[in-house]
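# A look at the structure
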Amino acid sequence: MQDINNIEVSKKDRRTVAVIIIAALVIKIVLAFTLSADLRSDSLDYHKLAISMLKTGEYSLDGKPTASSTIGYPLFIAGVYAITGADQLYARIAQSILEIFTCFIFFLFCLKFFDTRRSIISLAVFSFFPSNILYTQTLLSETLFGLLALIILYYFYSDNIDWKILLIGLLAGYAFLVRSSFLFSMAVFPVALFVYGRKYFEGFKSKRIKRGIQYSVLFGFGIAIVVLPWLIRNKIVLNTFSTGTHGGSTFWSGSNPEATGTWYHKIEDTNPIFNIQDEAERDKAFYKAGVDYALRNPHKFLILGVKKLVYFFSSERMVLLYFTPDEGKARTSSEVYKSINSLIIALVNLPYFAVMLLGTWGLMLIKKRRFILYGYIFSWLLTFFIFVALARYHYVLIPFFVMGTVKFSSEHRFRLGGFNIKQKIFGFAVCLFFIAIWSVEFYLIYK
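Here the structure is a predicted model, which is why all the values come from computation and not from measurement.

In terms of helices and strands, the protein chain carries 21 helices and 2 strands. Taken over the C-alpha trace, the protein chain has a radius of gyration of 22 Å; the compact-globule value for 447 residues is 22 Å, and the two agree within 12%. Along the three orthogonal principal directions, the C-alpha set of the protein chain runs to about 60 × 55 × 50 Å. Expressed as a percentage of the 447 residues in the protein chain, the buried residues total 54%. Taking the contacts inside the protein chain whose residues are at least 6 apart along the sequence as the reference set, 76% of them involve residues at least 24 apart. As displayed, the protein chain has an accessible area near 20,100 Å², and 66% of this comes from carbon and sulfur atoms.

Here you go:
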């Protein structure tokens, strides 16, 4: 096991890595058998779609062909169910095992930035991060997408770009079908081929540009191989080339007179567009309504964008709410959240708070190919600045904030001496933003 800087990982360190990953796996397997959850909302839809594919060979929801959710994650669940039977327990176990590979890739990724000791510390924090463990026990796409995204990032931090970029393109295409919000982030990687052309390719500038174009095309070709069949299916079945017919509603939900920045209580009762039966037409109508509102009220749209980021960085409420009993719409999510044991809320949230605050400072210290890392983070935030945001969407950024936390705490020992004035202003502003979000959130819940 070796990274690009030829740092040797000793047998002792390999054993430590194995112990950390296996110990985390044991915790997840125990939770799979002991932690119960009612399937609802997205999870219930994923479950139904997977069963539909197995029983009828069609991608349909409640007997009706659909593209309300992209096919990537339901296809994964269907693959598990085909082997084990249609029980969410087996999907949880499969995701727990999948997390072994995520943790291992994360460790290798950390070796691109740190020595072995700090990489192992990062691995330990990531592997036992409470919300990461809990997400493996949900029927949600976070675990699968997290693995795919890390593999893609790891490849673009290598020294050489070769024909394997076609395989990475295939993975990126599948990641896009797992989470369509990956669209903006995918654009970062072809640009990186030109930004870091000297590191990736040999020869004169003209040759490097030519190679960058060639490999960008190859990357895009890999994406197209995976995505095009799904688009063609949607055109044939639903008369739309849309990747998914949920985009319009998620855009409108964050761009309308009653928008809060996230999905709000009984949202379906607020607009008759929800009653349109043709989901392709419904999707177009939502996009039109959302765009019209944004164009007429650009200042309000920008304010809503900030509100979306507030919900994006809010506490780990989503993963905790997942394991509460399904009450339908009897209570708001805040009311249900308040009823959860305070010790459990603290156990899950305090590590998240610490990693986000410390990681903010540490990420500013990471210099290696920062365009890729910063570009990926910014593109992810831009996506949810435009569309509606949920707290669970910040899961994708946790690995980077873990790395930032380890870098800041181990290399700078919590001191700010290595930061210039602009970095200090930015760091304090972001941390105050986080603290304000969490303070107001819990004040409103417990007042």
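Now that the structure has been shown, we can carry on.
The next point concerns the nonpolar core. Judged by nonpolar contacts, the single largest core of 119 residues is most densely connected at Phe156 and Phe182. Beyond its immediate chain neighbours, meaning those up to four positions away, Phe182 contacts Phe145, Ile152, Ala172, Ala175, Phe176, Phe189, Tyr376 and Trp380. Of all hydrophobic cores here, the second largest spans 6 residues; its members include Trp361, Met364, Phe419 and Cys431.

Where empty space is left can be seen by rolling a probe of water-molecule size over the atoms. Taken as a whole, the second largest pocket spans an internal volume of roughly 550 Å³. Around the second largest pocket sit 20 residues that line it, and Phe313, Ile377, Leu381, Phe426 and Val430 are the ones nearest its centre. Per-element accounting of the lining of the second largest pocket gives the leading share, 7 residues, to helix H19 (residues 370-386). In terms of residue class, the lining of the second largest pocket is made up of 16 nonpolar, 3 polar and 1 charged.

Among the secondary structure elements, Thr138 is positioned in the loop between helix H6 (130-135) and helix H7 (142-156). Among all residues touching Thr138, those that are not within four sequence positions of it are Tyr73, Gln95, Tyr322 and Phe323.

Throughout the structure, instances matching the rule amount to 45 aromatic pairs. On the numbers, 6.4 Å between centres and 70 degrees between planes, the contact of Phe189 with Phe219 is edge-to-face. Taken together, the positions of Phe189 in helix H10 (residues 188-195) and Phe219 in helix H12 (residues 205-238) put the pair 30 residues apart, joining distant regions of the chain. This pair shows no difference in class: Phe189 is buried, exactly as Phe219 is. Here the aromatic rings of Trp380 and Phe384 are separated by 5.3 Å at their centres, their planes lie at 65 degrees, and the arrangement is edge-to-face. Remark: Phe384 and Trp380 occur in helix H19; sequence separation between them is 4 residues, near one turn of the helix.

So, about the state of the cysteines. In total, this model carries 0 disulfides according to the counting rule given. This cysteine, Cys103, is not joined by any disulfide, and Cys110 carries the nearest cysteine sulfur, 10 Å off. Here Cys103 falls in the buried class, since its relative accessible area comes to 1%. According to the relative accessible area criterion, Cys110 is buried, its value standing at 0%.

This part covers the environment of Pro298. Take Pro298: it is sitting in helix H15 (residues 298-312). On the basis of relative accessibility, which here comes to 45%, the residue Pro298 falls in the partly exposed class. Sequence separation between Pro298 and Phe419 is 121 residues, and the spatial gap between their C-alpha atoms is 35 Å.

This next bit is on empty space enclosed by the protein. Evaluated as defined, the whole model comprises 1 cavity of 30 Å³ or more. Lining of the largest cavity is provided by Thr102, Phe126, Asn132, Gly146, Ala149, Leu150, Leu153, Tyr376, Tyr395, Val396, Pro399 and Phe400. Mapped by element, the contributors of at least two residues to the lining of the largest cavity are H7 and helix H20 (398-411). Element by element, the count of residues in the lining of the largest cavity is highest for H7, at 4 residues. When the residues that make up the lining of the largest cavity are grouped by side-chain class, the tally is 9 nonpolar, 3 polar and no charged.

In total, this model carries 12 salt bridges according to the counting rule given. A salt bridge links Arg369 to Asp159, with the shortest nitrogen-to-oxygen separation between them at 3.2 Å. Of this pair, Arg369 sits in the loop between helix H18 (342-363) and H19 while Asp159 sits in the loop between H7 and helix H8 (165-178), placing them 210 residues apart in sequence. Among the residues examined, Arg369 registers a relative accessible area of 5% and is labelled buried. We classify Asp159 as partly exposed; its relative accessible area is 33%. Among the ionic contacts, a cluster of salt bridges with common partners joins Asp42, Glu142, Arg179 and Arg392.

As for its position among the elements, Leu123 is in helix H5 (residues 116-127). Leu123 sits 279 residues away from Val402 along the chain, and the two C-alpha atoms are 8.8 Å apart. Each residue touching Leu123, except ones within four places of it in the same chain, is listed here: Val17, Ile20, Ile21, Cys103, Phe106 and Phe107.

On the surface, Leu228, Ile232, Ile236, Val237 and Phe241 cluster together to form a nonpolar patch covering roughly 510 Å² of accessible area. Along the chain, Ile232 falls in helix H12. Given a relative accessible area of 46%, Ile232 falls into the partly exposed group.

Together, Lys11, Lys12, Arg14 and Arg15 line one region of the surface with positive charge. Mapped onto the fold, Arg14 is located in helix H1 (residues 11-34). The class for Arg14 is partly exposed, based on a relative accessible area of 39%.

Rules behind the numbers
Residues numbered from 1 in each chain as written. Predicted model: local features only at pLDDT ≥ 70, side-chain atom pairs only at ≥ 80, totals over all residues. Heavy atoms only, no water. Helix = DSSP H or I, 4+ residues; strand = E, 2+ residues; numbered from the N terminus. Rg over C-alpha atoms; globule rule 2.2 N^0.38 Å. Buried < 20%, exposed > 50% of the residue type's maximum accessible area, 1.4 Å probe, protein only. Contact = heavy atoms within 4.5 Å. Areas by Shrake-Rupley, 256 points an atom, 1.4 Å probe, with all protein chains shown as cover. Core = buried A, V, L, I, M, F, W, Y, C linked by side-chain atoms within 4.5 Å. 1 Å grid on protein atoms, 1.4 Å probe; cavity = no way out; pocket = protein on both sides within 12 Å on 5 of 7 lines; lining within 4 Å. Points joined across faces, edges and corners; volume = space filled by probe spheres on them. Nonpolar A, V, L, I, M, F, W, Y, C, P; charged D, E, K, R; others polar. Phe/Tyr/Trp six-rings, centres within 6.5 Å; stacked < 30°, edge-to-face > 60°. Disulfide = S-S within 2.5 Å. Salt bridge = Lys/Arg side-chain N within 4 Å of Asp/Glu carboxyl O. Patch = residues over 30% accessible without salt bridge, like charges linked within 9 Å, V, L, I, M, F, W, Y side chains within 5 Å. Lys, Arg positive; Asp, Glu negative; His and termini not counted. Charge placed at Lys NZ, Arg CZ, Asp CG, Glu CD.

The values are spatial; any link to function lies outside them.
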